[in-house]
Amino acid sequence: MGTGSPQEAEFTLLADVPAGEWLLVADGIITRPVDVTFELIWRRRDAGDLAIATFQHHFDPLPSGFNAQPFEARMAGPALTDAAGDQLILRYSGANTDTPMAYIPNGDGFRTMGRIPYVDLPE
């Protein structure tokens, strides 16, 4: 992801989520310097989007190879009361780069010395 439209990954909520600490793991392949904004959003079917947490990080490419660079962040977030059709959204967008593929979520896991991105919900 570089400068341009944000990308989103959606998950339909299956139950209420208590208030507490959210964990985002977003290891990625970095091809150019980029500032990435990660947003966790509660998309309420009948009431619109509500931000849960926002994380920002600057990445620089590694000197050689295409190994994943780690990114992990934790933040306290509110309780979510599930209603039919509500979704949890992970949105990420890039800025301050000259290429559209400066940040690529690590879909290869350990093969690129990283983790596949995921979100841990509060328990």
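Cut-offs used in this document
- Residues numbered from 1 in each chain as written.
- Predicted model: local features only at pLDDT ≥ 70, side-chain atom pairs only at ≥ 80, totals over all residues.
- Heavy atoms only, no water.
- Helix = DSSP H or I, 4+ residues; strand = E, 2+ residues; numbered from the N terminus.
- Rg over C-alpha atoms; globule rule 2.2 N^0.38 Å.
- Buried < 20%, exposed > 50% of the residue type's maximum accessible area, 1.4 Å probe, protein only.
- Areas by Shrake-Rupley, 256 points an atom, 1.4 Å probe, with all protein chains shown as cover.
- Lys, Arg positive; Asp, Glu negative; His and termini not counted.
- Charge placed at Lys NZ, Arg CZ, Asp CG, Glu CD.
- Polar contact = N/O pair within 3.5 Å; in protein donor to acceptor, adjacent residues only side chain to side chain.
- Pairing = 2+ DSSP bridges.
- Axes fitted to C-alpha atoms, helices over the stretch in contact; angles between N-to-C directions.
- Core = buried A, V, L, I, M, F, W, Y, C linked by side-chain atoms within 4.5 Å.
- Contact = heavy atoms within 4.5 Å.

Q: Please provide a residue-by-residue account of the overall build of the protein, values included.
A: Along the backbone of the protein there are zero helices and nine strands. Walking the protein from its N terminus toward its C terminus, one meets helices and strands in the order β-β-β-β-β-β-β-β-β. Radius of gyration (C-alpha) of the protein: 15 Å, near the 14 Å computed for a compact globule of 123 residues. Its C-alpha atoms give the protein principal-axis dimensions of about 45 × 30 × 20 Å. Counting every position in the protein, which comprises 123 residues, the buried fraction comes to 37%. In the structure as shown, the protein presents an accessible area of about 6,800 Å², 54% of it carried by carbon and sulfur atoms. Taking the 8 positively charged and 17 negatively charged side chains of the protein as two groups, their mean positions are separated by 3 Å.

Q: Describe the environment of Tyr-103, naming the residues involved and giving the relevant values.
A: Relative to the assigned elements, Tyr-103 resides in strand S8 (residues 103–105). Taking C-alpha positions, Tyr-103 is 6.1 Å from Gly-28, a pair spaced 75 residues apart along the chain. Polar contacts involving the side chain of Tyr-103 include one to the main-chain carbonyl oxygen of Ala-26, which spans 3.0 Å.

Q: Describe in detail the pairing of strand S5 (residues 48–59), supporting the description with residues and values.
A: Sheet topology note: the strand S4 (residues 34–44)/S5 ladder contains 11 bridges and is antiparallel. Paired with Glu-39 across the strands is Thr-54, a residue of S5. Hairpin geometry of S4 and S5 is characterised by an intervening segment of three residues between the two adjacent antiparallel strands.

Q: Got a sec to walk through the sheet that holds S4? Specific residues and values, please.
A: Spatially, the four strands line up as an open sheet ordered S1-S7-S4-S5, and their pairing is antiparallel. Since the sheet does not close on itself, it has two edges, and those belong to strand S1 (7–12) and S5, each with one partner. In this sheet, adjacent strand axes meet at a mean angle of 15° when their direction is disregarded. Pairing geometry for S4 and strand S7 (residues 87–95), over nine bridges, is antiparallel. Directly across from Ile-41, in S7, lies its bridge partner Ile-89.

Q: Could you give an account of the nonpolar core, with specific residues and numbers?
A: What tends to happen in soluble globular proteins is that the nonpolar side chains get buried as a cluster. Formed by 23 residues in total, the largest nonpolar core has its most connected members in Phe-38, Ile-52, Phe-55, Phe-59, Phe-71 and Tyr-103. Broken down by secondary-structure element, the contributors of at least two residues to this core are strand S2 (20–25), S4, S5 and S7. Looking at this core element by element, the count peaks at five residues for S4. Excluding residues that lie within four positions of it along the chain, Phe-59 makes contacts with Ile-30, Arg-32, Pro-33, Val-34, Val-36, Phe-38, Gln-69, Pro-70, Phe-71 and Tyr-103.

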